[in-house]
Every structure is written in structure tokens, then in C-alpha cells.
Amino acid sequence: MISRIDPIDRSLLDDFQRDFPLVARPFVELARQVGLSEDEVLERLRALQVAGRIARVGGTVRPNTAGASTLAAMAVPEERMVEVAARVGRELGVNHSYQRENDWNLWFVATAPDVTRLETCLDGIQSDTGLEVLDLRLRRPFNIDLGFRLTGDRRTTPRRGEPDLTVLRESDRPLLHAMSQGLALVSRPFAALADQLGWHEDDVIARVQALLTAGILTRIGVIVRHRSVGWSSNAMVVWKVPQDRMIAAGEALANHPGVTLCYERATVPGVWDYSLYSMIHARSRSEALEILASASEMPELAGITREPLFSVRCFKQTGAMLQSRQERAA
């Protein structure tokens, strides 16, 4: 549980999920704020990563800006779940894979450098398993910033408008890929990244700042693995929202305390008619259901059919893959 975490570790998890200092030695600033040395902060972050409490210190990239991505679902017989999940997980572009409570019970996020390679990934999974893969592309984000305080404070997270794609350069792809995989936990992480890319440190920092300001990087900071720190009862709630109510419903839901993600996705008519998705991260099932009940009572969601899909187990959770193996080796 979060209450059992060392207070300084809790501060590192809670206070630095965004607004990471874009300076040559960012961990000096973190150290100053928590009252430790730079080396002590780095040691604690490395220990939190080894313990599985943080995925990385790095960035999150807005979907479908520097590559292509989708949420996909499969209806997997229970006796084949481990086998099929392993096949899905072998795809480098699959960065999240969960079993959820529903007939469509295996859900995963797939990313690729472009739409063609994304579709090749999904087609390969469908061909190898003999099971249908639902391709549920993002249509409209209402809140895609999964960052919230772990102390029970239910204030909503910052939201951005549309990204400024004119800022994006082809040369940014390896930088965005590296930020989504995580910075090295060393004194000068941007210098280490510059060496990896063949850039200068100042250029890396400047481009990261430009991409963050443009909304292509949605946040930079400590990426927490919520299940490992006590927020283990998580539900993806899907809603059947008519198009003429979508914007009002999405905006209301995105601003509801306790809703950590919210977005519209494509449907598969007659197979999967849910169009609005939201995430609830909670410390117990009852807490998650209380949040859902409160959200359902909002006027914008009155009478709308919804279904909570609680997570059963996590098969894979990594950063987005925005470059192919060949591109990274080039």
C-alpha cells in the first residue's frame, strides 16, 4: 500500500510525475526539493525501478503524432489466455496488455512507426491465433494524461488542447522513442541521451522542451506503476454514447474526480458498440464502483449504458515503441 512507502520515496512518486526539470542535471533539483543529495535521489529512483514501482523516468507521447497506435481487444478462451497473451506480448509494438473482466477479455495497446506496420502487427496476431482482433482507433482525447497523486487527492489532472504538429520533425522520432523508453538514471541524463543520438546535450533539452510545449510530449516525469503501490483495483469503463452527446459526456467525465483517463474510440458496429472510454484507478473494488456510481449520476451521462472492465492481470507494460528495431540500429 502507498501508506507503507518511505515518505521520501512517496514524494518522489507523488510530486514529480510531471514538470521534470529540463536542465543538464535535473536530479539536483529533485534532490533540493526532497532534502537529499543527487546521488541519494538517483539511488532511490533506481531502487523504485528495480522494485517495479516506477516504469521509468521519461516522457509520454501523445498517440498518433509521431507514429500510429490503437487499442485492441480479443475474446480469448480461458484455457488459451496465457498462450495468446504470450503471442501478443512478443510484438515489440505492444506496450500494454491486460486481461479484463468481459467476454472480450484480452486488451492491448499496439504502436508502430506508421499505420501500415500497425496493421501488419494486428493482422499477424489474428492470423497466428485464429481469433478476431478488434481495432479500436482513437477518435478524440478528452484526458490522456495518466498522472495523479497517490495520497488520495482526487483533483483532476492538467489537460491540453490539440497538439501543434507543425513543430514535429522527422529527426524527432528517435528522441521521442527514447523519451518513451525512459531516461538513464545518471547525473546528466540528457547528455547520455545526446551521446546515444549523436546530438548535443543542449539540442536534446531544447527539442524536448519544444515537443512538450507543442503537446506532442504530454508529460515528462516519474511514470508510476500504480498497481505496485496499492492502486490495484483498476477498471476501464466503456460507455455507449450517442454522437450528439459525445462532447458533453466526454468533457464531464474527464473532469470527474477519480477518472484518470477519458477518450472516444471507434466502434465495431454490431460487435462492440461502446464509444467512450474512461479509466478508474482505485485502491479497492468498492472504491472504484463508488467513483463509477458518482460519475453515472452526472446529467451528461444520464441513461447511458456503461460497463466496467476490471483488470484481472497485467501481461505487459512498457513505453511506446515509436521506432522499428532496424531504425534503432541504423
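Our structure is the block above this text.
Residues numbered from 1 in each chain as written. Predicted model: local features only at pLDDT ≥ 70, side-chain atom pairs only at ≥ 80, totals over all residues. Heavy atoms only, no water.

Colleague: Explanation requested: the environment of T260 in the structure shown.
Modeller: Among the secondary structure elements, T260 is positioned in strand β9 (residues 259-265). Between the C-alpha atom of T260 and that of I144, which follows or precedes it by 116 residues, the distance is 8.1 Å. Engagement of the side chain of T260 in a polar contact is seen with the side chain of H281, the distance being 2.8 Å. (Helix = DSSP H or I, 4+ residues; strand = E, 2+ residues; numbered from the N terminus. Polar contact = N/O pair within 3.5 Å; in protein donor to acceptor, adjacent residues only side chain to side chain.)

Colleague: Teacher, can you tell me more about the sheet that holds strand β3 (residues 94-100) here?
Modeller: Within a sheet, each strand pairs with its neighbour through backbone hydrogen bonds, oriented either parallel or antiparallel. Spatially, nine strands are ordered β5-β2-β4-β3-β11-β8-β10-β9-β6 in an open sheet, and the strand pairing comes out antiparallel. In the strand order of this sheet, the two ends are held by β5 (134-136) and β6 (138-143), each with one partner. The sheet shows a mean angle of 30° between the axes of neighbouring strands, taken without regard to direction. Where strand β2 (residues 68-74) and strand β4 (residues 106-112) come together, seven bridges link them in antiparallel fashion. If you follow T70 over to β4, its bridge partner there is A110. (Pairing = 2+ DSSP bridges. Axes fitted to C-alpha atoms, helices over the stretch in contact; angles between N-to-C directions.)

Colleague: Is there a simple way to think about helix α7 (residues 189-197) in this case?
Modeller: What sets the pattern is the α-helix's 3.6 residues per turn: residues three or four places apart point alike. Listed in full, the buried residues belonging to α7 are P189, F190, A191, L193 and A194. Where α7 ends, the next residue or the one after it, G198, has phi of about 75°, a positive value. (Buried < 20%, exposed > 50% of the residue type's maximum accessible area, 1.4 Å probe, protein only.)

Colleague: Just checking my understanding: could you explain the pattern of salt bridges for this structure?
Modeller: Pairing between side chains of opposite charge can happen when the charged atoms of each approach one another. Counted under the stated rule, the structure contains 18 salt bridges. With a shortest N-O distance of 2.9 Å, R44 and D6 are connected by a salt bridge. Of this pair, R44 sits in helix α3 (residues 38-50) while D6 sits in the segment before α1 (7-15); the two residues are 38 residues apart in sequence, bridging distant segments of the chain. Overall, D6 belongs to the partly exposed group, its relative accessible area being 34%. Of the charged contacts in the structure, one is a salt bridge between E201 and R188, with a shortest N-O distance of 2.4 Å. Of the two residues, E201 sits in helix α8 (residues 201-213) while R188 sits in the loop between α6 (172-181) and α7, which places them 13 residues apart along the sequence. The exposure class assigned to E201 is buried, which follows from its relative accessible area of 13%. A single salt-bridge network, built from bridges that share partners, covers D6, D9 and R44. (Salt bridge = Lys/Arg side-chain N within 4 Å of Asp/Glu carboxyl O.)

Colleague: Would you mind going over unusual backbone geometry with me for this structure?
Modeller: Residues apart from glycine generally show negative phi values, whereas peptide bonds are mostly found in trans. Phi is positive for D19, close to 60°, though the residue is something other than glycine. Looking at the secondary structure, you find D19 in the loop between α1 and α2 (26-34). The phi dihedral of N64 is positive, around 60°, even though this residue is not glycine. What makes N64 partly exposed here is its relative accessible area of 34%.

Colleague: Looking at this model, I keep getting lost on the packing of α6 against α7. Mind explaining?
Modeller: The description of two packed helices rests on the angle between their axes and on the distance between the axes. At a minimum axis distance of 11 Å, the contact between α6 and α7 shows a crossing angle of 135°. Here α6 is positioned oblique relative to α7, judged by the angle of their axes. Crossing geometry of α6 relative to α7 is assigned as right-handed. Packed against α6, whose contacting residues are P174, L175, A178 and M179, the element α7 presents L193, Q196 and L197 at the interface. Taken together, the residues of the contact of α6 with α7 sort by class into six nonpolar, one polar and no charged. (Parallel < 35°, antiparallel > 145°, perpendicular 65-115°, else oblique. Left-handed = near helix turned anticlockwise from the far one by under 90°. Contact = heavy atoms within 4.5 Å. Nonpolar A, V, L, I, M, F, W, Y, C, P; charged D, E, K, R; others polar.)

Colleague: Mind showing me how you'd approach the packing of aromatic side chains here?
Modeller: Describing an aromatic ring pair means giving the distance of the ring centres and the angle of the ring planes. Enumeration according to the criterion identifies five aromatic pairs in this entry. Each ring, one from Y263 and one from Y277, has its centre 5.9 Å from the other, and the planes form 20°; the classification is stacked. Of this pair, Y263 sits in strand β9 while Y277 sits in strand β10 (residues 276-282); the two residues are 14 residues apart in sequence, bridging distant segments of the chain. Linked through ring pairs, F20, F27 and F190 together constitute an aromatic cluster. For the cation-ring pair, R100 lies above Y98, with the distance from its terminal atom to the ring centre recorded as 5.2 Å. The ring of F310 carries R285 above its face, with NZ or CZ at 4.0 Å from the centroid. (Phe/Tyr/Trp six-rings, centres within 6.5 Å; stacked < 30°, edge-to-face > 60°. Lys NZ or Arg CZ within 6 Å of the ring centre and 35° of its normal.)

Colleague: Just checking my understanding: could you explain the nonpolar core for this structure?
Modeller: Across soluble globular proteins, you tend to see nonpolar side chains buried next to one another. Membership of the largest hydrophobic core comes to 40 residues, with the highest contact counts inside it found for L45 and L217. Elements that contribute at least two residues to this core include exactly α1, α2, α3, β1 (54-61), α6, α7, α8 and β7 (217-224). Examining the composition of this core, we find that five residues originate from one element, α8, more than from any other. (Core = buried A, V, L, I, M, F, W, Y, C linked by side-chain atoms within 4.5 Å.)

Colleague: Quick question: what am I supposed to make of α6 here?
Modeller: Among the ten residues that make up α6, eight are buried, leaving the element largely enclosed by the rest of the structure. Among the residues of α6, those classed as buried are D172, R173, L175, L176, H177, A178, M179 and S180. Just downstream of α6 lies G182, where phi reads positive at about 115°.

Colleague: Would you mind showing me how to read the packing of α1 against α3 here?
Modeller: Relative orientation of the contacting elements α1 and α3 amounts to 80°, with a least axis distance of 11 Å. Judged by the inter-axis angle, α1 sits roughly perpendicular to α3. Across from I8, D9, L12 and L13 in α1, the residues of α3 making contact are V41, R44, L45 and L48. A breakdown of the residues in the contact of α1 with α3 according to their chemical character gives six nonpolar, no polar and two charged.

Interpretation note: all reported values are geometric properties and have no functional meaning in isolation.
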